[in-house]
Amino acid sequence: MSARLRAAIGIWRARDVRTAGDRGFLVYMVLMVALVTVAPLARAVWLSATSAEGVALFASPAAPGATMLVVSSMWTGALLLGRDRGPALRPPFPTHALAVSDLPRSSAFRGPVLRAGGLVTATTTLVAGLVAGSLAMSGLSEPLSVAVFAAVGAMVGVITTVAWLAGQAFPRAAVPVALGVLAVGVTTAVVPVIQPFTPSGWVGLAYPGTSSSHTLIALAALTATLVAAVPVLMNRLDIAVLTAQAARWDSATAHVTSMDFTTAAALYRRRPYTGRRSRAVRPMSGLAWTFLIRDAIGAARTPGRLVVGVVALTASGVLITLAFAPGSPGWLLGAAAGLIAFAGLGPVTDGIRHAASVAGDFPLYGISDERLLANHALFPLVVLVIVLLAAAVVCSILTGIPAASPLASALALGLLALFTQVGNALKGPLPPELLTPIPTPMGDLGAAVRMTWAVDGVLLAASAGASAALAFESPLLLTGVAVTVVIVGINRWRHRG
Amino acid sequence: MIEVNDVGVIAGNVTLLAPISTSVQRAEALIVRGRNGTGKSTLLRVLAGARKPTSGTVRIAGAGVIERDRDFRRRVAAMIGLPPMASDLTVLDHVLLVATTWTEDSTAAAELTHGVLAELGLDSLDGRFPHELSSGQTQLFGLALVLARPFEVLILDEPEQRLDPDHVESVIRALRARRDAGATLVVATHSTSLADRLADRTLLLDAA
């Protein structure tokens, strides 16, 4: 770090100097969180990983292939993430000040990149160590393999960080490269003969019990080459990208701090740049058709987002079907299906969010707010019925699970997830009354209530999925969740604007 | 067309709008002027039904102001701040969709759309998405959305905001055309040229 850079960062940090009391409280808070939350969680994860089921999962013949898929997905995700939020990120003002200076960006943004890379690498190293440790504890691999696979995990973390940075440095090229990485990863996982020639294959071949020194050398060489490219990548960072990412991240963290997750997520919603010559509004005999086509073309203008939404809905349909497999943890798979369906509906419910905004503003359209919302609900309804039900039918056929129950549950889940999206769109800012402390013998429950309000959409979607999976065992549960979802939506509609 | 009787707005112990009375006839343009904080936007919000007065009454076409009433919504159009915009629609799509919801005649909707866009100088920007517009273009786009729907009363808060003199001129022409066609206008503005060219009457608000 040059003297100029040190001085500049020093000035920025000096405005936020903590008192001794503040520092003491911070240490106390970190210790308490570590003792009360992190330590029990880490113990639970270790016990789960070393349980008979955990060891069986890690020792299964499919584990190396699954590892290849996970690693290639991680590199793909890192490349795509870098386009919106890269590792070279400081607060907006220092980002601008350093980016317009003559200081090399490899020096100006080294600290944030090292911190981000350190976090990623520590995480991947821990996960790899956990897997290898679990197998070593059961005598299924050598103790040395723990250190070796942890080192592989560290290298995966470094490569992930470089991919993340590359996505930030080359946002446009990141998409095709990410798709290529994913394609190679999937191919590697299903075609064993090419595993010695691809990076994700090297990781799979280094899996405990199958370790090969050649692949380790290849992975180390790749990691070293990529690390050497880091300064070049950093010096290619564009000022517009840096300042835009810094401003957006700053704004998003401010919204998250005030528990406004919806607005924070909206900041990262991709905006359309294609399909402008394809008319979205085509006056037809019925307004419902006009809105259906308008929403479909509108969604297709961000094709990547639409594909992610459809894939998520497909995954949701698969999970809710698997929830009916004998011996499966049905409620857990159902809850996961609910969460994924809720997220997957996001890209196809832009019209619903627009209707919610219009409903709280001055009259613009020549139809009532209720009809506007109903018209905008048609497109997501059509998409979820087609995708969820098709996924459930195909999964039923492939797995031999009778289709009737999964189909009914998928339909119930889809409708509840859509209702939850409507409620979420109408949510508005945090009601001031929730800021009131709720004193109890256990402490102030106000924060818990505010957090519940902030993530109520996610909680309702997970509950909807779990109750849909248990619909035939406990129909009252599904009824209760459905009533709650509808009441929340109606209440927000009444208080809109 | 509009009757305002002793309308005032108080929030807590702060006077947002001192009691005021006025009336506006059909095909008349009332310009509301006054320094910042004198209650211009508050008055417009009361007229548009977005805020209830703490004293006095407002009647538009003989009826009370009920923002969710169907007849009121059809009669009164307002732009106080920018209207909500859909990020996935182009300028043309937006205006056409608004026009389409007000008429069964698709040809008339298309003609109205192209007419409004040309009137405000937005026809060359019809393929842009809202995030691709400058602040002045966004202001014109907001006006286009409001002008694409039918109304008897048009309420506007500083329509000249962020506009260069040429575009202010376009807005004045568009508003005069609406007034000449029989619409009643209530416009709050800081623009002397807009006030001079459009006003049939001027209401000057004093500090509350």
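Just so we're clear, the structure is a prediction, and the values are computed from it rather than from any experiment.

**Quick word on the overall build of chain B**
At step 1: A count of helical and extended segments in chain B gives 7 helices and 9 strands.
At step 2: The C-alpha radius of gyration of chain B comes to 17 Å, within 12% of the 17 Å expected for a compact globule of 208 residues.
At step 3: In terms of its C-alpha atoms, chain B occupies a principal-axis envelope of roughly 50 × 35 × 35 Å.
At step 4: Residue burial in chain B is summarised as follows: out of 208 residues, 45% are buried.

**A word on the overall build of chain A**
At step 1: Along its length, chain A carries 22 helices and 2 strands.
At step 2: For 497 residues, the compact-globule estimate of 2.2 N^0.38 gives 23 Å, and chain A sits close to it at 25 Å.
At step 3: Here the C-alpha coordinates of chain A stretch approximately 65 × 60 × 60 Å along the principal axes.
At step 4: A total of 497 residues make up chain A; the buried ones form 40% of that total.
At step 5: Long-range contacts, defined here as pairs at least 24 residues apart, represent 75% of the contacts in chain A between residues at least 6 apart.

**Some words on the interface of chain A and chain B**
At step 1: Each partner contributes residues to the interface: chain A has 26 residues there, and chain B has 25 residues.
At step 2: When contributions to the side of chain A that touches chain B are tallied by element, the ones reaching two or more residues are helix 14 (287-300) and helix 17 (350-359) of chain A.
At step 3: The element best represented in the side of chain A that touches chain B is helix 14 of chain A, accounting for 5 residues.
At step 4: When its residues are assigned to classes, the side of chain A that touches chain B shows 12 nonpolar, 6 polar and 8 charged.

**Observations concerning the pairing of strand 2 (residues 14-24) of chain B**
All names here are of chain B.
At step 1: Strand direction decides the pairing type here: strand 1 (residues 2-11) and strand 2, joined by 7 bridges, are antiparallel. Looking at the pairing, Ile2 lines up with Val24 of strand 2.
At step 2: Linking strand 1 back to strand 2 in an antiparallel pair, the connection comprises 2 residues, with Gly12 at a positive phi of about 65 degrees.

**What to know about the sheet that holds strand 8 (residues 184-188) of chain B**
What holds strands together in a sheet is hydrogen bonding between their backbones, with the strands either parallel or antiparallel.
All names here are of chain B.
At step 1: In spatial order, the strands read 6-7-8-3-9; together these 5 strands make up an open sheet with parallel pairing. Strand pairing shows two members of the sheet lacking a second neighbour, strand 6 (76-79) and strand 9 (201-204), which therefore form its edges. Across the sheet, the mean angle from the axis of one strand to that of its neighbour is 15 degrees, orientation sign disregarded.
At step 2: Judged from the 4 bridges that link them, strand 3 (residues 29-33) and strand 8 form a sheet pairing that is parallel. Looking at the pairing, Leu30 lines up with Val186 of strand 8.

**Some remarks on helix 15 (residues 303-322) of chain A**
Residues and elements named next belong to chain A.
At step 1: For helix 15, with 20 residues, the first-to-last C-alpha span of 28 Å sits near the 28 Å given by 1.5 Å per residue.
At step 2: Residues Arg305, Gly309, Ala312, Leu313, Ser316, Gly317, Val318, Leu319, Ile320, Thr321 and Leu322 constitute the buried set of helix 15.
At step 3: Next to the buried residues of helix 15 lie helix 16 (330-345), helix 18 (369-399), helix 19 (404-425) and helix 21 (456-469).

**Notes on the packing of helix 14 of chain A against helix 18 of chain A**
All names here are of chain A.
At step 1: Contact geometry for helix 14 and helix 18: axes closest at 8 Å, N-to-C directions at 55 degrees. In terms of orientation, helix 14 and helix 18 fall into the oblique class. Helix 14 and helix 18 meet at a crossing whose hand is right-handed. Residues Leu287, Ala288, Phe291, Leu292, Asp295 and Ala296 of helix 14 lie in contact with helix 18, whose contacting residues are Asn375, His376, Leu378, Phe379 and Val382.

**With respect to the domain arrangement of chain A**
At step 1: Segmentation of chain A into domains returns domain 1 (1-49), domain 2 (50-244) and domain 3 (269-494).
At step 2: A straight line from the C-alpha centre of domain 1 of chain A to that of domain 3 of chain A covers 37 Å.

**What about the environment of Ala356(A)?**
Residue and element names in this part refer to chain A.
At step 1: Structurally, Ala356 is set in helix 17.
At step 2: The class of Ala356 is buried, set by 28 C-beta atoms lying within 10 Å.
At step 3: Considered as a pair, Ala356 and Leu373 are 17 residues apart in the sequence and their alpha carbons are 7.2 Å apart.
At step 4: Non-local contacts of Ala356, meaning those with residues more than four positions away in its chain, are made with Ala425 and Leu426.

**Side note on the nonpolar core**
At step 1: In this structure, Leu413(A), Val95(B), Ala144(B), Ile155(B) and Val186(B) are the most contacted members of the largest nonpolar core, which totals 126 residues.
At step 2: With near-sequence residues (within four places) excluded, Ala144(B) lies in contact with Val95(B), Val116(B), Leu117(B), Leu120(B) and Leu122(B).
At step 3: If you look at the next biggest cluster of nonpolar residues, it comprises 55 residues, including Ala78(A), Ala150(A), Tyr207(A) and Leu237(A).

**Comments concerning the sheet that holds strand 4 (residues 55-60) of chain B**
Residue and element names in this part refer to chain B.
At step 1: One open sheet holds the 4 strands; their spatial order is 2-1-4-5, and the pairing between them is antiparallel. The open sheet is flanked by strand 2 and strand 5 (63-64), the only strands paired with a single partner.
At step 2: Both strand 4 and strand 5 contribute to a ladder of 2 bridges, which runs antiparallel. Each residue of the ladder has a partner; that of Arg59, found in strand 5, is Gly64.

**Remarks on helix 7 (residues 110-137) of chain A**
At step 1: Here helix 7 of chain A is 28 residues long and its end C-alpha atoms lie 39 Å apart, about the 40 Å a rise of 1.5 Å per residue gives.
At step 2: One or two positions beyond helix 7 of chain A, positive phi appears at Gly139(A), with a value near 75 degrees.

**What about the environment of Ser145(A)?**
At step 1: Here Ser145(A) lies in helix 8 (residues 143-169).
At step 2: In the structure, Ser145(A) is positioned 293 residues away from Ile438(A) in sequence and 52 Å away in space, judged by C-alpha atoms.

**A word on the environment of Gly37(B)**
Residue and element names in this part refer to chain B.
At step 1: Checked against the element boundaries, Gly37 lands in the loop between strand 3 and helix 1 (40-48).
At step 2: The exposure class assigned to Gly37 is exposed, which follows from the 12 C-beta atoms found within 10 Å.
At step 3: Taking the C-alpha atoms as reference points, Gly37 and Leu17, 20 residues apart in sequence, are found 8.7 Å from one another.

**Examining unusual backbone geometry**
All names here are of chain B.
At step 1: If you check the backbone angles, Asp6 has positive phi at about 50 degrees while not being a glycine.
At step 2: Positionally, Asp6 belongs in strand 1.
At step 3: At Glu158, a residue that is not glycine, the phi angle is positive and equals roughly 45 degrees.
At step 4: Position of Glu158 relative to the elements: it lies in the loop between strand 7 (153-157) and helix 6 (165-180).

**Observations regarding the confidence of the model for chain B**
As a note on interpretation, predicted positions should not be read in detail where pLDDT is low.
All names here are of chain B.
At step 1: On average, residues of chain B score 93 in pLDDT, and 99% of them are at 70 or above.
At step 2: The weakest mean pLDDT in chain B belongs to strand 5 at 86; the strongest belongs to strand 8 at 97.
At step 3: Across the predicted assembly, pTM comes out at 0.85 and ipTM at 0.89.

**As for the confidence of the model for chain A**
At step 1: Per-residue confidence for chain A averages 92 on the pLDDT scale, and 99% of its residues sit at or above 70.
At step 2: Taken element by element, the predicted model of chain A shows its lowest mean pLDDT in helix 1 (residues 3-14) of chain A (81) and its highest in helix 21 of chain A (96).

**Re the packing of helix 18 of chain A against helix 19 of chain A**
All names here are of chain A.
At step 1: Where helix 18 contacts helix 19, the two axes come as close as 9 Å, and the packing angle between them is 155 degrees. The orientation of helix 18 relative to helix 19 falls into the category roughly antiparallel. Both helix 18 and helix 19 take part in a crossing whose hand is right-handed. The residues of helix 19 that touch helix 18, namely those facing Ala377, Pro380, Leu381, Leu384, Val385, Leu388, Leu389, Ala392, Val393 and Ser396, are Pro406, Leu407, Ala410, Leu411, Gly414 and Leu418.
At step 2: The residue makeup of the contact of helix 18 with helix 19, split by class, is 14 nonpolar, 2 polar and no charged.

Thresholds applied
Residues numbered from 1 in each chain as written. Chains lettered and ligands numbered in written order. Predicted model: local features only at pLDDT ≥ 70, side-chain atom pairs only at ≥ 80, totals over all residues. Helix = DSSP H or I, 4+ residues; strand = E, 2+ residues; numbered from the N terminus. Rg over C-alpha atoms; globule rule 2.2 N^0.38 Å. Buried ≥ 20, exposed ≤ 12 C-beta atoms within 10 Å, placed from the backbone. Contact = placed C-beta atoms within 7 Å. Nonpolar A, V, L, I, M, F, W, Y, C, P; charged D, E, K, R; others polar. Pairing = 2+ DSSP bridges. Axes fitted to C-alpha atoms, helices over the stretch in contact; angles between N-to-C directions. Expected span 1.5 Å × (residues − 1). Parallel < 35°, antiparallel > 145°, perpendicular 65-115°, else oblique. Left-handed = near helix turned anticlockwise from the far one by under 90°. Domains from an automatic or database assignment. Core = buried A, V, L, I, M, F, W, Y, C linked by C-beta atoms within 7 Å. pLDDT = per-residue confidence, 0-100.

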